[in-house]
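Now for the letters of each chain:
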Amino acid sequence: MLLQIHEPGQTPAPHDQDRGLAVGIDLGTTNSVVALAIGDRAEVIRDEKGDGLLPSVVAYGADGSVLVGEKASEQLLDHPEGVVSSIKRLMGRSAADLKQLGGALPYDLDETTGIGMVRLKIRGRRLTPVEISADILRAIKARAEARLGQDVDRAVVTVPAYFDDAARNATKDAARLAGLEVLRLVNEPTAAALAYGLDHEAEGVYAVYDLGGGTFDISLLRLEKGVFQVLATGGDAALGGDDFDHLIAERFLAERKKAGIAEAIDSSEAKNLLVAARQAKEALTDADQGSWEIAIGGKTTRHALNRAEFETLIAPLVKRTANLVRGVLEDAGIEVAAVKGVVLVGGSTRVPLVRHSVADLFGLEPLADIDPDEVVALGAALQAQALTQGGGALLLDVTPLSLGIETMGGIVEKVIPRNTPIPVGMAQDFTTYQDGQTGMLIHVLQGERETVDQCRSLGRFELRGIPPMTAGAARIRVTYAVDADGLLTVAAEEKTTGVKAHIEVKPSYGLSEDDMARMLRDSLENAREDMERRLLIEARVEAQRVLLALDAALAADGALARPEERQTMEKAAQRLKAAIAGEDRDLINGLVEELEKAGKPFAQRRIDRAINSALAGHRLDEIEADVAPERVPPA
Ligand code: ADP
Ligand code: MG
């Protein structure tokens, strides 16, 4: 029974002049990327150094500071206990889910939360993956706003095709927490296909081969009337470029052993070793050979590696990806020859062996001219533009997993099958099984299996107030509606009397509205406190700098200061030192100014003398070195 299906293009959001910009965000396991589309071109937004990738790493400091990206990765050596990476793997997972994974996680989990969302204990804080992801998204938003000079308040965010409702909800919550309205969640392979404009290509099946840092995903998409459906997905959540790094690192270590260096390495040395291995790997994408230095335990060794040797090392892993691709094709009943195009996604598809192996496998040259670690964000940006500016083709996504309802005996009846284009609404009629039954429990489930215990429970609610009737007489229509983001609302109505009930299904792993409100409040309050703290710290640092400069100047040129000047400066310095110990930022800043004013004549005399000695034939850099520690008052 089909209630309604919107056609693509029928509900374009109106163009809103007063709003901020809408960007596309690839929130990756290893790296995240943000892009903006203008006209029909999408471009990655880079930081001031030109980096488009932001490592998805967050470092929480003991002082309450939060660092994201490269700066967070740097903390790994000194404060690994405060650093979180690969948080995407935990999105939408409960503590119970993770126990099933065997508990080999590098995090301290909070045990008190039972079936709710998992929390990590990090340096005294208890953080959900949603909050940690929100910190990454805040950094992304800040990067985009700094670069574009405008507010960025809306985004299309990509998620893996296999993400279930809980993980999608968690992603959406994270964006909201970061101050971003999610225009739509789009599947990563679909975004990649959009970036290549495949939605304008011939109808048929396309493959997206995504080999990132820690995960391998293969997706088959069917394009029909400009709409992509995810036909099948597969992969390995523990196979990626990081494994290539490990193989190289092991080889280098074995070589050291052969050279007679037997050693036990600690975790920060292992980190250094992996950094060298990663550099070797990435260099061998372009170069045929090279050599890399490893310094551990005071012993430095140099290791040569060429492309062929590297390929021998990783060949078994690359072969494994090929086998997974064949398996997914087979499951979907699709011949390799029927695949019209293959898109390469993920930094590790830069490795030449990976590229060649994909070409061999499909018998066609893969699409690879868009940067493989930017392609997903670019597709998302195009989608954000289509959704905000109208005009562009609106893309339909599909439900990743079937949605069903529990019926008698713990059986799951599917209401919306997987791969149904969304938004969609579908209904099914049920009846009572007992005479005089006045309530009915609606249990909403997600998954492909037939029994309740093997599907994921998304929520339950009760329809009450059914007038007593004989069993089988009531007609209860249960409607499932999935919106464009893949989120579900369930409604139930008894048709003969019109009694209604409904819930918006937020899986139990999601955040309640209360949680969400609290987190938003906390984050705003913390932002203000963080800012105050930072300004105070900056004021102290500046004051110390001025004091040091004064000491140095007096030590070097004390003779140039008149005794009464010297006294005033020293008195001002004393007061400033006392203020630094306190918390009053304005006082510190005021005293710094006072000290600088008191020192002005002295500073001027030093400059004059420096210029004179320059005329006497000194080198310019010497003079600058002499004058630099002073703050020279503006003329
Ligand atoms: P994710 O999707 O997991 O966030 P990415 O798509 O950003 O990850 O891929 C990161 C991986 O790509 C890392 O293992 C990195 O070493 C690898 N990579 C990046 N550039 C190159 C290169 N030039 N050659 C080989 N591997 C690369
Ligand atoms: Mg990726």
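None of the values given here were measured: they were computed from a predicted structure.

1. Looking at the sheet that holds strand S15 (residues 227–236)
Sheets are built from strands paired through backbone hydrogen bonds, the pairs being either parallel or antiparallel.
Inference 1: Ordered in space as S15-S14-S13-S18, the four strands form an open sheet in which the pairing is mixed. The outermost strands of the open sheet, each flanked by one partner alone, are S15 and strand S18 (339–345). Across the sheet, the mean angle separating the axes of adjacent strands is 20° when strand polarity is ignored.
Inference 2: Relative to S15, strand S14 (residues 216–224) runs antiparallel, the two being bridged by nine bridges. By the bridge assignment for S15, Asp217 is matched with Gly235.
Inference 3: Contacts between helix H9 (residues 352–362) and the sheet are confined to strand S13 (204–211) and S18, with S18 contributing the most and set at about 165° to the helix.

2. Here's the deal with the site of ligand 1
Inference 1: In the vicinity of ligand 1 there are 18 residues, among which Thr30, Asn31, Lys281, Glu282 and Thr285 approach most closely.
Inference 2: Between an oxygen atom of ligand 1 and a main-chain N or O atom of Gly213, the distance comes to 3.2 Å.
Inference 3: Backbone polar atom of Gly347 to an oxygen atom of ligand 1: 2.9 Å apart, as the coordinates give it.
Inference 4: Computed on the free molecule, ligand 1 has an accessible area of 590 Å², of which 90% lies beneath the protein chains in the complex.
Inference 5: Taken together, the elements giving at least two residues each to the shell around ligand 1 come down to helix H6 (241–258) and helix H7 (267–286).
Inference 6: The dominant element in the shell around ligand 1, judged by the number of residues it contributes, is H7, at four residues.

3. Thoughts on the pairing of strand S27 (residues 488–494)
Inference 1: A one-sided burial pattern is seen for S27, the buried positions being Leu488, Val490, Ala492 and Glu494 and the unburied ones Thr489, Ala491 and Glu493.
Inference 2: With seven bridges connecting them, strand S26 (residues 476–482) and S27 associate as antiparallel partners. Considered in S27, the bridge of Tyr480 is made with Val490.
Inference 3: Relative to strand S28 (residues 499–504), S27 runs antiparallel, the two being bridged by six bridges. By the bridge assignment for S28, Thr489 is matched with Glu504.
Inference 4: In sequence, S27 turns back onto S28 through a hairpin of four residues, with Gly498 there showing a positive phi of about 80°.

4. Examining the packing of aromatic side chains
Inference 1: Going through the model one piece at a time under the given rule, you end up with three aromatic pairs.
Inference 2: Where Tyr162 meets Phe163, the ring centres are 6.0 Å apart and the plane angle is 75°; that geometry is what we call edge-to-face.
Inference 3: What makes Tyr162 partly exposed here is its relative accessible area of 41%.
Inference 4: The buried category is assigned to Phe163, whose relative accessible area is 6%.

5. What to know about unusual backbone geometry
Inference 1: Not every positive phi belongs to a glycine, and Ser86 is a case in point at roughly 55°.
Inference 2: With respect to the helices and strands, Ser86 occurs in the loop between strand S8 (83–85) and helix H2 (95–100).
Inference 3: The phi dihedral of Arg123 is positive, around 45°, even though this residue is not glycine.

6. Topic: the packing of helix H5 (residues 188–195) against helix H10 (residues 375–389)
Inference 1: For the pair H5 and H10, the least separation of the axes is 7 Å and the interaxial angle reads 80°. Taken together, H5 and H10 sit at an angle that is classed as roughly perpendicular. In this structure, H5 contributes Glu188, Ala191, Ala192, Leu194 and Ala195 to the contact, and H10 contributes Val375, Val376, Leu378, Gly379, Ala380, Leu382 and Gln383.
Inference 2: The residue makeup of the contact of H5 with H10, split by class, is nine nonpolar, two polar and one charged.

7. Observations regarding the pattern of salt bridges
Inference 1: Using the criterion set out here, one finds 29 salt bridges in the structure.
Inference 2: In this structure, Arg302 and Glu293 form a salt bridge, with 3.4 Å as the shortest nitrogen-oxygen distance.
Inference 3: Connected through salt bridges with shared partners, the residues Arg251, Glu255 and Glu309 form a single ionic network.

8. Points about the packing of helix H8 (residues 307–332) against H9
Inference 1: The contact between H8 and H9 brings their axes to 9 Å, and the two run at 35°. Handedness of the crossing formed by H8 with H9: right-handed. On H9, the residues touching Arg307, Glu311, Ile314, Ala315, Val318, Ala322, Val325, Arg326 and Leu329 of H8 are Pro352, Leu353, Val354, Ser357, Leu361 and Phe362.

9. Regarding a negative patch on the surface
Inference 1: Together, Glu48, Asp51, Glu70 and Glu74 make up a negatively charged patch on the protein surface.
Inference 2: Topologically, Glu70 is positioned in helix H1 (residues 70–78).

10. A few points about the pairing of S18
Here is the key point about a regular strand: its side chains alternate between the two faces of the sheet.
Inference 1: Burial of S18 is extensive: six of the seven residues sit out of reach of the surface.
Inference 2: Sheet topology note: the S13/S18 ladder contains six bridges and is parallel. Among the inter-strand pairings, Val205 is bridged to a residue of S18, identified as Val339.

11. Overview of the side chain of Asp210
Inference 1: On the secondary structure map, Asp210 appears in strand S13.
Inference 2: Comment: no salt bridge for buried Asp210; closest opposite-charge side chain is Lys88, at 7.2 Å.
Inference 3: Not counting residues within four places of it along the chain, the set of residues in contact with Asp210 comprises Glu188, Thr215, Phe216, Asp217, Val345 and Gly346.

12. What about the sheet that holds S8?
Inference 1: Strand order in the open sheet formed by three strands is S7-S6-S8, with antiparallel pairing between adjacent strands. Each end of this open sheet is capped by a strand with a single partner; those strands are strand S7 (66–68) and S8. Strand-to-strand, the axes of this sheet are offset by a mean angle of 20°, without reference to chain direction.
Inference 2: Relative to S7, strand S6 (residues 57–60) runs antiparallel, the two sharing three bridges. When the bridges of S7 are listed, Val58 appears paired with Val68.
Inference 3: Against the sheet, H1 touches S6, S7 and S8, its axis set at about 110° to S7.
Inference 4: Sheet strands touched by helix H3 (residues 129–148): S6, S7 and S8. Its angle to S6, the strand with the most contacts, is close to 105°.

Reading the values: the criteria
- Residues numbered from 1 in each chain as written.
- Chains lettered and ligands numbered in written order.
- Predicted model: local features only at pLDDT ≥ 70, side-chain atom pairs only at ≥ 80, totals over all residues.
- Heavy atoms only, no water.
- Pairing = 2+ DSSP bridges.
- Helix = DSSP H or I, 4+ residues; strand = E, 2+ residues; numbered from the N terminus.
- Axes fitted to C-alpha atoms, helices over the stretch in contact; angles between N-to-C directions.
- Contact = heavy atoms within 4.5 Å.
- Near = heavy atom within 4 Å.
- Polar contact = N/O pair within 3.5 Å; in protein donor to acceptor, adjacent residues only side chain to side chain.
- Areas by Shrake-Rupley, 256 points an atom, 1.4 Å probe, with all protein chains shown as cover.
- Buried < 20%, exposed > 50% of the residue type's maximum accessible area, 1.4 Å probe, protein only.
- Phe/Tyr/Trp six-rings, centres within 6.5 Å; stacked < 30°, edge-to-face > 60°.
- Parallel < 35°, antiparallel > 145°, perpendicular 65-115°, else oblique.
- Nonpolar A, V, L, I, M, F, W, Y, C, P; charged D, E, K, R; others polar.
- Salt bridge = Lys/Arg side-chain N within 4 Å of Asp/Glu carboxyl O.
- Left-handed = near helix turned anticlockwise from the far one by under 90°.
- Patch = residues over 30% accessible without salt bridge, like charges linked within 9 Å, V, L, I, M, F, W, Y side chains within 5 Å.
- Lys, Arg positive; Asp, Glu negative; His and termini not counted.
- Charge placed at Lys NZ, Arg CZ, Asp CG, Glu CD.

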